[in-house]
Amino acid sequence: MRRYVRGLVATLLVLLISIIVVAPGAAAPEGRADAPAGRADAPAGQMTWAVHISLAPTWFDPAETSGIITPYMLLYALHEALVKPMPGNPMAPSLAESWSMSPDGLVYEFVLRRGVRFHNGDLVTADDVKFSFERYRGVAHKPLKENVAVVETPDPGRVRIRLKRPWPDFMTFYATATGASWIVPRKYVEKVGDEGFKKAPIGAGPYRFVSFAPGVELVLEAFDQYWRKVPNVKRLILKAIPDEATRLAALKRGEVDIAYAIRGALAEELRRTPGLTLKPNVGQAVQWVYFADQWDPKSPWRDRRVRLAANYAIDRPTMNQAETLGYSKLIWSIVPSSFEFYWQPPGYPYDPAKARQLLAEAGYPNGFDAGDYFCDAAGTFVGEPVVNYLHAVGIRVKLRPLERAAFNKGNADRKYKNLIQVGSGAFGNAATRIEAFVAAGGTYVYGSYGDIDGLFQEQANEMDAKKRGAILERIQQLIHEKVMVAPIWLLAGLSGKGPRVEESGVGLIAGYAFSAPYEDVKLKQK
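These figures come from a predicted structure and were not determined experimentally. (Residues numbered from 1 in each chain as written. Predicted model: local features only at pLDDT ≥ 70, side-chain atom pairs only at ≥ 80, totals over all residues. Heavy atoms only, no water.)

For the structure on display, the rule yields 32 aromatic pairs. A ring pair is formed by Tyr290 and Trp295, whose centres lie 6.2 Å apart and whose planes are at 55 degrees; its orientation type is tilted. Summarising the aromatic geometry, the rings of Trp332 and Tyr348 are spaced 6.2 Å apart at their centres and angled 75 degrees between planes, so their arrangement reads as edge-to-face. Here the residue Trp332 occupies a position in the loop between α10 (316-324) and α11 (352-361), and Tyr348 occupies one in the loop between α10 and α11, the gap between them amounting to 16 residues. Exposure class is identical for Trp332 and Tyr348. Each is buried. (Phe/Tyr/Trp six-rings, centres within 6.5 Å; stacked < 30°, edge-to-face > 60°. Helix = DSSP H or I, 4+ residues; strand = E, 2+ residues; numbered from the N terminus. Buried < 20%, exposed > 50% of the residue type's maximum accessible area, 1.4 Å probe, protein only.)

Packing of helix α15 (residues 450-460) against helix α16 (residues 465-481) brings their axes to within 9 Å, and their N-to-C directions diverge by 160 degrees. Looking at the two axes, α15 sits roughly antiparallel to α16. The handedness of the crossing between α15 and α16 comes out as left-handed. Contacts between α15 and α16 involve Asp451, Ile452, Leu455, Phe456, Glu458 and Gln459 on the former and, on the latter, Arg468, Ile471, Leu472, Arg474, Ile475, Leu478 and Ile479. A per-class count over the contact of α15 with α16 returns 8 nonpolar, 1 polar and 4 charged. (Axes fitted to C-alpha atoms, helices over the stretch in contact; angles between N-to-C directions. Parallel < 35°, antiparallel > 145°, perpendicular 65-115°, else oblique. Left-handed = near helix turned anticlockwise from the far one by under 90°. Contact = heavy atoms within 4.5 Å. Nonpolar A, V, L, I, M, F, W, Y, C, P; charged D, E, K, R; others polar.)

A complete count under the given rule lists 7 cavities of 30 Å³ or more for this structure. Lining the largest cavity are 36 residues, with His52, Ala285, Gln287, Arg404 and Leu491 positioned closest to its centre. Residue assignment for the lining of the largest cavity shows that the elements contributing at least two residues are β15 (277-291), α13 (404-412), β18 (419-424) and β19 (485-497). Take the lining of the largest cavity: its biggest share by element is 6 residues, from β15. (1 Å grid on protein atoms, 1.4 Å probe; cavity = no way out; pocket = protein on both sides within 12 Å on 5 of 7 lines; lining within 4 Å. Points joined across faces, edges and corners; volume = space filled by probe spheres on them.)

Right, let's get into the confidence of the model for the chain. A residue-level look at the chain finds 92% of positions with pLDDT of 70 or above and a mean pLDDT of 92. Every residue in residues 1-40 scores below 50 in pLDDT, and together they form 85 contacts with partners more than four places removed in sequence or on other chains. (pLDDT = per-residue confidence, 0-100.)

Let's shift gears to the pattern of salt bridges. In this structure the tally under the stated criterion is 36 salt bridges. One salt bridge connects Glu195 with Lys198, and the closest N-O pair in it is separated by 3.5 Å. Note that Glu195 and Lys198 are positioned in helix α6 (residues 186-199) at a spacing of 3 residues, about one turn of the helix. The closest approach of N and O atoms between Arg253 and Glu255, which form a salt bridge, is 2.9 Å. Put simply, Asp61, Glu64, Arg135, Arg137, Asp194, Glu195 and Lys198 are held in one network by salt bridges that share partners. (Salt bridge = Lys/Arg side-chain N within 4 Å of Asp/Glu carboxyl O.)

Below, the discussion takes up the layout of surface pockets. To find leftover empty space, a probe the size of one water molecule is rolled over the atoms. As a volume, the largest pocket reaches approximately 520 Å³. Considering the residues around the largest pocket, the lining is formed by 24 residues, among which Glu64, Ser66, Asn408, Lys409 and Ala412 are closest to the centre. Residue assignment for the lining of the largest pocket shows that the elements contributing at least two residues are α4 (141-147) and α13. Top contributing element to the lining of the largest pocket by residue count: α13, with 5 residues. Class assignment for the residues of the lining of the largest pocket results in 8 nonpolar, 9 polar and 7 charged.

Right under this line is the structure:
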């Protein structure tokens, strides 16, 4: 049923190669000048990742986080947050050593950790925190700005955020589901501007920027003044290798130490290879198919029976075994099962006969031409079988993979029609996922339903956790009843670890898809 288009994105790798940009004042890469980054004989203090996507400069800036987990691959290295998910703690104090909420729920006060510096030597102050919040424009910026009355800085070591009304999800939206609490240096950003910041980002994280070849390679160097600890590894290199087989080959040759997203037969090969270790990680990355035209009265997708047919047409268990060796979970929701307020929907069995019957009842006994199926190019391993399953019951669609950053921007700009393969591994709870992907005004919302929108507004101001949970469960029931999406799975990321690695960082933070905290990754001692 499947045909694979492995290497579809590799062409982009060639097209995107450009001149390496080096940060002003950054140290030259260590090691022999003629040694390519990531070679098996690379310096002992160097650790290299094979990344499954083309890296994009927009992910250097916390202000532009887009509701997916990918930017955090870079944020956890370059930047630091007031509060962030860490091992064993989903809201760990970081730049803020402590915080408190007033009895009426209207004021949050953060006490900053003293003596923390940005990579350029400037101290992190309350003014930087206020600036970072006010320039934030990423996912969920609307509810944040609508609910916050003012950010006050009573002194350089304290930040006070006043809300317009009690908001039970303030810390979830501020500290985990968005990049709003990740802090950038005000003076530097104002000096170089937003574009200059993306060319040479400065943060307060464990690693500082050295160089970036767009779409090819990012080089980072340990920041020995990082407040939490001096990183174990001197240099990190993230190499963009979109082709899966090429990633595995690089891991086998010792050119990289960790390879993300190795699936199917290649994952089996990795598991059998002496010296390599397969690392499954079921995080909070859910993938689903979104029916973008369900509000269009002229579209076949307006008919609930057609959307149901698409759900019955997809053989998810077979996809799971073939692609992720059975490690992914079928949860039938856009909300991860580990999230607060998750509601378990009933599933859709694989039933192509039922799908054809529903299409006939909807007036399409011979199926129909359903246009394009848009997806992130790194997700074609999902899109290919789904498209083939849809074709088998008469829903004829054309796969349209796009590079990740471009795909997410087009989706946020609501440029797509027909079917969109969506996914998110971002932190949060049921409310944050519903806000971004279902409720009116959300970053990736093409249309909405009045009953869901009303309930969403109701839960946002409900301080009783039990009542609020019941409302959020009802919203999820309505999403299922209206067949707004075709859920695929809670994705298991399959990474490969090479023989030099003692600690990969994969899985250290509950629910997180990639390596982190970077200061904790470790190479074996020779």
